[in-house]
Number of protein chains: 2
Amino acid sequence: MSTVSSTADDILACALTLIVAGGYNGFSYADIADVVGIRKPSIHHHFASKVDLVRTLVARYREEAQAGLSALERNVADPAEQLKSYIAYWEACIKDATAPFCVCALLASELPILPEEVALEVRAHFRHLASWLASVMERGKRQGRLHLVGTARVEAEGFMATVHGAMLSARAYGDPKMFGTVTRPLLDRLSTRH
Amino acid sequence: MSTVSSTADDILACALTLIVAGGYNGFSYADIADVVGIRKPSIHHHFASKVDLVRTLVARYREEAQAGLSALERNVADPAEQLKSYIAYWEACIKDATAPFCVCALLASELPILPEEVALEVRAHFRHLASWLASVMERGKRQGRLHLVGTARVEAEGFMATVHGAMLSARAYGDPKMFGTVTRPLLDRLSTRH
DNA sequence: GACGACCTACCTATTGGAAGGTAGCTCATC
DNA sequence: GATGAGCTACCTTCCAATAGGTAGGTCGTC
């Protein structure tokens, strides 16, 4: 059942890897065709245009991200542990190098030259992620499980920014451990009473 | 004196703007030629290749950055104020939109597909900036002017990552104020005794 | 008359994409 | 149960535009 129409998924998976490596203009149809094992123009059968391909890709990524956060809400009760799990997820992604960067974070850095349709999806991801983090912060504060200095919103934005910066540093240093080096103090500061 | 051989500088300045907007593959010689008012092949008279152009660009950027940090060391004594000035510099850059992103931060996100010569310069910038920040942290700690939780090195990496993440968020939200929203608590936490 | 700065005229490879064809499957109809 | 319509999934061929880059020339200045 998963083999049915898997080519479109293969194309998306491949494009994801390529975008994570070098952004919107860092890959071409030829690159995808080589990896997927298909002729270059055949990609148009599955996606009308490059914009369409990337928009679909980001939209699906966002769906999966939302599903992942929902699962986290269900499986982990403690707000502090939720943040820890979120960080652990990315730590694992970066370590095994499958997708060592958030697609939306990477695309956001190129926002000025991004097709508007893609840019919309990217901005939506930032808003959604920040909202979720703010809700976790808020709940953690109420339950006395998280120690906030500023408002939940500000703490959430700071958290998100630091995580993105940590991904960048890990990449710049070529050292996956750098992600943990930066994010661990962040978690400690939020969960420790001082 | 500054008009002498200004074309090379114009090309570099233009390329900087374009890279800041969309990364290494986000601009072409044609783009530069249009802005500078020169024919496309004439760029080769000043820079042998695109790699050469960008490598020169990043090398010069690094020189200016180092000069800027040195000036900061001379003009501002207090470590906490040095960090504040560094943030204020970027806050101004982002607000007036001249160069609302660090070139090296943007290029770092594309590191896997960057020509090695450029990648080397980018990595060097990260190391140098982190070293400077660590030295400021260390001095601030000794002088009792900065309150560190972890080691100077770890605090420096966290600081740098958060600043980069703040640039990204400001871009993603299309809101320059977001940079200050994220970085102000960072400065407060370091300079406040609590 | 050498040189720097820039030009025109090209070149080759690659870009995303258009056009039209074909192999094989499903399924209703006769 | 053969026929044919229509589907998906891919193919080949082609294209205009753009990529970065080369060769060789012009022209003003020292």
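As shown above, the structure is provided for reference.
Values in this document were obtained by computation on a predicted structure and should not be read as measured data.

A. A look at the overall build of chain A. Along its length, chain A carries nine helices and zero strands. Secondary structure elements of chain A occur, N-terminal to C-terminal, as α-α-α-α-α-α-α-α-α. The dimensions of chain A, computed from C-alpha atoms along their principal axes, are 60 × 35 × 35 Å. A burial count over chain A gives 52% of its 194 residues as buried. Summarising the internal contacts of chain A: among those between residues at least 6 apart in sequence, 66% fall at separations of at least 24. Total accessible area computed for chain A in this model is approximately 8,700 Å², and 54% of it derives from carbon and sulfur atoms. With 21 positive and 21 negative side-chain charges, chain A shows a spacing of 5 Å between the two charge centroids.

B. Seen up close, the protein's contact with DNA strand D. Taken together, 17 residues sit near DNA strand D, with R39(A), S42(A), S28(B), Y29(B) and K50(B) positioned nearest. Counted by atom, the contact set of DNA strand D within 4 Å of the protein is 58% sugar and phosphate. In the model, a phosphate oxygen of DNA strand D is placed 3.4 Å from a nitrogen or oxygen of the F27(B) main chain. Between DNA strand D and Y29(B), the relevant distance is 2.9 Å, taken from a phosphate oxygen to a main-chain nitrogen or oxygen of the residue. Counting residues per element, the ones that place at least two in the surface near DNA strand D are α3 (43–46) of chain A together with α2 (29–36) of chain B. Counted by class, the surface near DNA strand D contains six nonpolar, eight polar and three charged residues.

C. Region of the structure containing the packing of helix α8 (residues 152–173) of chain A against helix α9 (residues 177–191) of chain A. Residues and elements named next belong to chain A. Following both chains from N to C, one finds α8 and α9 inclined at 160°, their axes separated by 7 Å at the closest point. In terms of axis orientation, α8 runs roughly antiparallel to α9. Here α8 and α9 pass one another in a crossing that is right-handed. Between α8 and α9, the residues in contact are E155, F159, T162, V163, A166, M167, S169, A170 and Y173 and M178, F179, V182, T183, L186, L187, R189 and L190, respectively.

D. Molecular detail of the interface of chain B and chain A. Counting residues at the interface gives 36 residues for chain B, matched by 36 residues for chain A. Across the chain B to chain A interface the summed buried area is about 2,900 Å²; carbon plus sulfur atoms make up 70%. Inspection of the chain B/chain A interface yields zero salt bridges. At the boundary of chain B with chain A, the tally comes to seven residue pairs in polar contact (both at pLDDT 80 or more). Contributing elements (two or more residues each) for the side of chain B that touches chain A: α1 (6–22), α6 (103–109), α7 (116–142), α8 (152–173) and α9 (177–191) of chain B. At 14 residues, α8(B) tops the list of elements feeding residues into the side of chain B that touches chain A. Residue classes in the side of chain B that touches chain A are distributed as 20 nonpolar, 10 polar and six charged.

E. Representation of the pattern of salt bridges in the model. Residues and elements named next belong to chain A. Evaluated as defined, the whole model comprises 23 salt bridges over all chains. Across the salt bridge formed by R55 and E117, the nearest N and O atoms sit 3.5 Å from each other. Taken as a pair, R55 in helix α4 (residues 50–75) and E117 in helix α7 (residues 116–142) lie far apart in primary sequence, 62 residues in all. Judged by relative accessible area, R55 falls into the partly exposed class, the value being 25%. Across the salt bridge formed by E91 and R184, the nearest N and O atoms sit 3.4 Å from each other. In this pair, E91 sits in helix α5 (residues 79–95) while R184 sits in helix α9, placing the two residues 93 residues apart along the sequence. Ionic contacts of the salt-bridge type, sharing partners, join the residues D52, R55 and E117 into one network.

About the cut-offs
Residues numbered from 1 in each chain as written. Chains lettered and ligands numbered in written order. Predicted model: local features only at pLDDT ≥ 70, side-chain atom pairs only at ≥ 80, totals over all residues. Heavy atoms only, no water. Helix = DSSP H or I, 4+ residues; strand = E, 2+ residues; numbered from the N terminus. Buried < 20%, exposed > 50% of the residue type's maximum accessible area, 1.4 Å probe, protein only. Contact = heavy atoms within 4.5 Å. Areas by Shrake-Rupley, 256 points an atom, 1.4 Å probe, with all protein chains shown as cover. Lys, Arg positive; Asp, Glu negative; His and termini not counted. Charge placed at Lys NZ, Arg CZ, Asp CG, Glu CD. Near = heavy atom within 4 Å. Polar contact = N/O pair within 3.5 Å; in protein donor to acceptor, adjacent residues only side chain to side chain. Nonpolar A, V, L, I, M, F, W, Y, C, P; charged D, E, K, R; others polar. Axes fitted to C-alpha atoms, helices over the stretch in contact; angles between N-to-C directions. Parallel < 35°, antiparallel > 145°, perpendicular 65-115°, else oblique. Left-handed = near helix turned anticlockwise from the far one by under 90°. Buried area = accessible area lost by both parts, 1.4 Å probe. Salt bridge = Lys/Arg side-chain N within 4 Å of Asp/Glu carboxyl O.

Everything listed is a geometric property; what it means functionally is a separate question.
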